[in-house]
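Below are the chains, spelled out letter by letter.
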Amino acid sequence: MTVDDAEFRRKVRADVPHSARVWNAWLGGKDNYAVDRELADAVTAAYPQTAAVAQASRAFQARAVRHLAGLGVRQFLDVGTGLPVENSTHEVAQAVVPDARIVYVDNDPIVLIHAAALLAGAPEGRTAYVDADLAHVDAVVDEAAKTLDLTEPVAVLLLSTLGHLTPPDGIRVVQQYMARMPSGSFLVLCDTVKTPQTLAAQEAYDSGENPPYLVREPEEITGCAEGLELLEPGFVSIPFWRPDEEDPAPVDQWGLVARTP
């Protein structure tokens, strides 16, 4: 996959913080600029749990993908991919099911330039990248269908992504994705819940020259799974969703995994 150099330089600015790079900074990555680290530090100063939330989100993703792959799920649609990090969806899924198919979705030119790393999956499986706005559901799913078999179950992942959508668009968009999926598909969803502390983080984040990220009421997250069957342990602070460790510490990001009828 290639991207036009002039177009890339036009879209990517090192003097303005960008959400994917800020998130990368919280994860301890190196794909960020000083301006991103400055905003990441400002948000962390307002809300010290920020980095822990980002790390918990990635860990939840890995556990959920591993669990679903263990149940026999062989197709994953990862919407709002972000920059590649260790234990990306294809790495986790194909370690369990080598012939798994994974489609990543993002409209970030920085993610696009790194997409080659996301496409380096197991030879038995398939990986693809869709450059599209997550709110354009039909366009995303139609393109993903070139890689995924939509007559077989698909796990749709939307992790720390709802905040990019203005309420109540988040619920509508997620429900539209699930309506396009076949019976027996799964939704993997998590986002930051609204508290005085996370509202302070939201305000600090909005101080940057980037679109705001809106924390959610719990019912705005659970509403996305209306009509679906929640897998145990239900809607919980994400470190408590089938934890790998004893006595995990809670964070202000909650999530769920649910199955379509």
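Keep in mind the model is a prediction, meaning the values are calculated, not measured. (Residues numbered from 1 in each chain as written. Predicted model: local features only at pLDDT ≥ 70, side-chain atom pairs only at ≥ 80, totals over all residues. Heavy atoms only, no water.)

A.B. asks: Would you mind going over the packing of aromatic side chains with me for this structure?
C.D. replies: Centre-to-centre distance and the angle between the planes together describe a pair of aromatic rings. Taken as a whole, this structure holds three aromatic pairs when the rule is applied. Pairing W23 with W26 gives two aromatic rings, centres 6.0 Å apart and planes at 80°, and the pair type is edge-to-face. Here W23 pairs with W26, and both are found in helix 2 (residues 19–26), just three residues apart, close to one helical turn. For W23, a relative accessible area of 24% translates into the label partly exposed. (Phe/Tyr/Trp six-rings, centres within 6.5 Å; stacked < 30°, edge-to-face > 60°. Helix = DSSP H or I, 4+ residues; strand = E, 2+ residues; numbered from the N terminus. Buried < 20%, exposed > 50% of the residue type's maximum accessible area, 1.4 Å probe, protein only.)

A.B. asks: When you look at unusual backbone geometry in this model, what are you seeing that I'm missing?
C.D. replies: Among all residues save glycine, negative phi is the norm, and among peptide bonds the norm is trans. Going from P167 to P168, the amide bond is cis rather than trans, its omega being 0°. Of note, P168 is situated in the loop between strand 4 (155–159) and helix 9 (169–179). Residue P233 is bonded to the preceding E232 through a cis peptide linkage, with omega at 10°. Backbone geometry places R242, a non-glycine residue, at a positive phi of 45°. For R242, the location among the structural elements is in the loop between strand 7 (236–237) and strand 8 (253–259). One non-glycine residue, D247, lies in the positive phi region at around 50°. With respect to the helices and strands, D247 occurs in the loop between strand 7 and strand 8. On the basis of relative accessible area, D247 is assigned to the exposed category, the value being 72%.

A.B. asks: In this structure, what is going on with the pattern of salt bridges? I would like to understand it.
C.D. replies: In a structure, side chains of opposite charge can pair up when their charged atoms sit close to one another. Under the counting rule described, the total for this entry stands at nine salt bridges. K194 is the salt-bridge partner of E217, the closest N and O atoms lying 3.7 Å from each other. Separated by 23 residues along the polypeptide, E217 in the loop between helix 10 (196–205) and helix 11 (218–222) and K194 in the loop between strand 5 (186–192) and helix 10 bring together distant segments of the chain. Judged by its relative accessible area of 35%, K194 falls in the partly exposed class. Residue R216 pairs with E220 through a salt bridge whose shortest N-O separation is 3.8 Å. Residue R216 shares its accessibility class with E220, and that shared class is buried. Via salt bridges that share partners, D138, D142 and R180 belong to a single interconnected network. (Salt bridge = Lys/Arg side-chain N within 4 Å of Asp/Glu carboxyl O.)

A.B. asks: Hey, could you run me through the nonpolar core in this one?
C.D. replies: The nonpolar side chains of a soluble globular protein tend to be buried, and buried together. Within the largest apolar cluster, 46 residues are counted, with the highest numbers of intra-cluster contacts made by F60, L68, F76, V188 and V257. Here this core gets nine residues from one element, more than from any other, and that element is helix 4 (residues 50–70). Setting aside residues up to four positions removed in sequence, V257 forms contacts with F60, A64, L68, F186, L187, V188, E229, L230, L231 and W241. In terms of nonpolar packing, the next biggest core, distinct from the first, is built from 33 residues, V140, L165, L189 and I221 among them. (Core = buried A, V, L, I, M, F, W, Y, C linked by side-chain atoms within 4.5 Å. Contact = heavy atoms within 4.5 Å.)

A.B. asks: Explanation requested: the environment of Q94 in the structure shown.
C.D. replies: For Q94, the position within the fold is in helix 5 (residues 89–96). Since its relative accessible area comes to 8%, Q94 is described here as buried. When sequence neighbours within four positions are dropped, the list of residues in contact with Q94 reads A100, I102, G121, A122, G125, R126 and T127.

The values reported here are purely geometric and, on their own, carry no functional implication.
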